[in-house]
Amino acid sequence: MELNAITIGFVVFTIFTLGGGFGVVTTRNLFQGTIWLMVSLFGVAGYFILLSAPFLAAVQILVYIGAIAILITFAVMLTRSVTRIKERYIRIVPSFIGSLLLFLILLFGVTVPIFGSHLPESAPQYVASTRDLGMALVDENGYVVPFLLASVLLTAAMIGAIFIARDEKAKGG
Amino acid sequence: MNVLNEWAFIGVFAVMAPVFPALPIVIAWLFRPRKPNVLKSSTYECGVETIGDTWVQFRVQYYIYGLIFLVFDVEMVFLFPWAVAYNEMSLFGFVAGFLFIFLLTDALFYAWKKNALDWK
Amino acid sequence: MDELCTGLCQILVESGADAGLAQFLSLLVGVLLVSGIPLVTVIVLIWVERKVAARIQDRIGPNRVGPVGLLQTIADMIKLLSKEDITPTAADRVLYNAAPLVSFASVVLIWAVIPFTPFHFGVDLEIGALFFVAIASFGTLAIMVAGWASNNKYALLGAFRVVSLLVSYEVPLVFALLVPVLLAGSMSLLDIVHAQTGMWFVVLSPLAFVIFYVSSQAETGRAPFDLIEAESELVAGFNIEYSGMKFGMFFAAEFLHVFTNGILMALLFFGGWMGPLYYESPLIAFAWLGAKGGLIYFTTLWLRNTVPRLRIDQIMAFNWKFLVPLSIANLIFISLALKVMQELGASPRNLAEAGFVELLPTTVVLLVINGAMTIYLLGLLRKRGQEARRESMAARVPLAQAAAD
């Protein structure tokens, strides 16, 4: 492998992603787990930059580190035992088998083209800009229906979340 | 400068940025006095000893604000490309964007009516 | 920065250095040059802040060290260096020490995308406007980590309050930010400034500027939203356990953040470096940007030292029930008016190539809409204020009667 900026970047971001993931599953502390998860997702943002999709990288950081991390921390503080996960919740053998199965399924899905080959022979020459993305979002023949459905989904998520959260509070939770 | 080179600059910048505040802290570590004692490095709480665990259960209101923010955050992510391409769109582009924002404003008003926006 | 890096890279390669190493070294020099500006500025900023606050409070302020106290910050730094640094035994050591670094770094990193003049900038990212919002979220996370890792009840409570304040005010901030992005049709800060050749965006959408100004005042934790240092309620807030240079870093990050937001507002709404004779020399362009940013910075200091702190429930209600609906309505009305004007051919589609005269009809229409919204809002606020006053009066009447009896 040639040693250039992209290779170095790839190695660094892989260390972030995998190291963060390893941290999440090994720490006993929920808050530290959140931080490790953010390290991992930061590595994924790096991959997006290497793939010439800086908009997605910014979105990844904005949504995960800016919002999800905060939300998880608030959620963690709603639970009672933040720093001490009880030993009895940890089952190494079933979780190992489960994650191995998931890994094999994903590996199969990526390498074996079931619905025909998705991967182009070479990388496309034209890199879509944010403007193209915006035009596609409101194009009648493009993604306008998914765009509006996303809004419906977000609305439903928010209404549902408020409903459940308020309900729980009414019960004194 | 090509795109990846731009990001190489950001990358070097991101590595250097924590070094600037780390330098004075390291220098301070070389010069500072070290006279720790048990009372000094105990948790500060207006002169009394702290009781119980700090990491206790918090109220649900923080979580609700976090949730509403998350929904708006994802909405804004969609609106950025929309805004960038706005000048090239027809009136339909405005209608699509308007519907998108309008649906989420509904959710905000639902939260408002359910008093989920009040600090309690 | 581009030419400088390439030029330096060439010189290094010619003198026999490895190509990759040469590129890295030239990038490093570029980074040091760009980041040098905020690092030097922050030393001056602390002096400015103290001097302005002193003058407003009818004091003199620092005046002993150096001419008019200019070297006071240096003296303070030396003092902070010699301070004992206490890490509480109960703290989470790694996260506790990482938080101030991340907090300061997140502010410095914004300067990578700030264009100082038309030709002098770190990088001009396609997603510049989104970049600084994304980077700012590291600052929010740093506050959360600091509060949590201190293992102190006041710190955690302070951090939770501040973080919910910061995320709440990010919503109107970004909705206001969408207005210049929409007008310029680009997220690159360079393009946004160029699109203001004909007319500054503050004229096209004064409400967006006001919303951005108010929410950035909250984002930087300044009065009337200064929950970050709510001495009377939370002792000090999230940084209560920090001492010495680590505390100094939170402090410096906050000061730098205020000025950075001033510069950003100058770029987004006040035409950046544009002003008479800016094309003559990069120095004049730089001076214009500095003057505009400095002026906005001064008004934030003025505001900080004038208004009292709001309660947290008032702050949250003001954001979610006033600023957020207002910023959404502002975005919808501006985009509707702009689209109708464009379809009628009365408004240019590319603002960067439009002159002052071409933009006049757009300006008038947008100004009228903004004015109508402002008048309506003022009426609404007045009604709400009268209601609140009546309620509080009604609550006081029985008390007064009880006192009379």
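This write-up is about the structure you can find in this document. (Residues numbered from 1 in each chain as written. Chains lettered and ligands numbered in written order. Predicted model: local features only at pLDDT ≥ 70, side-chain atom pairs only at ≥ 80, totals over all residues.)

## As for the overall build of chain A
Basically, it comes down to this: By definition, any uninterrupted DSSP run of H or I lasting at least four residues is a helix, any uninterrupted run of E lasting at least two residues is a strand, and each is numbered from the N terminus. The burial label depends on the number of other C-beta atoms within 10 Å of a residue's C-beta. Counts of 20 or more mean buried, 12 or fewer mean exposed, and intermediate counts mean partly exposed, with C-beta atoms placed from the backbone. By definition, residues are in contact whenever their C-beta atoms, placed on the basis of the backbone, come within 7 Å of each other.
Check the secondary structure of chain A and you find six helices and zero strands. Starting at the N terminus and ending at the C terminus, chain A contains elements arranged as α-α-α-α-α-α. For chain A, the proportion of its 173 residues judged to be buried stands at 25%. Considering only contacts in chain A between residues 6 or more positions apart, those separated by 24 or more positions represent 46%.

## A few points about the overall build of chain C
The cut-off we apply is this: Two things to know: the radius of gyration comes from C-alpha atoms, and the globule rule equals 2.2 Å times the number of residues to the power 0.38.
The number of helices and strands found in chain C is 14 helices and zero strands. Secondary structure of chain C in N-to-C order comes out as α-α-α-α-α-α-α-α-α-α-α-α-α-α. What you see for chain C is a C-alpha radius of gyration of 24 Å, in line with the 22 Å of a compact globule of 405 residues. Principal-axis analysis of the C-alpha atoms places the extent of chain C at approximately 95 × 70 × 40 Å. Relative to its 405 residues, chain C shows a buried fraction of 52%. Within chain C, contacts between residues at least 6 apart in sequence are counted, and of these 74% link residues at least 24 apart.

## Observations regarding the packing of helix α4 (residues 91-113) of chain B against helix α13 (residues 312-344) of chain C
Applicable threshold: Comment: axis = line fitted to C-alpha atoms, over the contacting stretch for helices; angle = value between 0 and 180 degrees taken between N-to-C directions. Should an angle fall under 35 degrees it is taken as roughly parallel, and over 145 as roughly antiparallel, whereas 65 to 115 is taken as roughly perpendicular and any remaining angle as oblique. Handedness of a helix crossing follows the sense of rotation of the near helix relative to the far helix, less than a right angle counterclockwise being left-handed and clockwise being right-handed. Only Asp, Glu, Lys and Arg are considered charged, only Ala, Val, Leu, Ile, Met, Phe, Trp, Tyr, Cys and Pro nonpolar, and every remaining residue, Gly among them, polar.
Relative orientation of the contacting elements α4(B) and α13(C) amounts to 165 degrees, with a least axis distance of 11 Å. With respect to their mutual orientation, α4(B) and α13(C) come out roughly antiparallel. Here α4(B) and α13(C) pass one another in a crossing that is left-handed. Here α4(B) contributes Leu91(B), Phe94(B), Gly97(B), Phe98(B), Ile101(B), Thr105(B), Leu108(B) and Trp112(B) to the contact with α13(C), which in turn contributes Lys321(C), Val324(C), Ile328(C), Ile332(C), Ser335(C), Leu336(C), Lys339(C) and Glu343(C). Classifying every residue of the contact of α4(B) with α13(C) by side-chain character gives 10 nonpolar, three polar and three charged.

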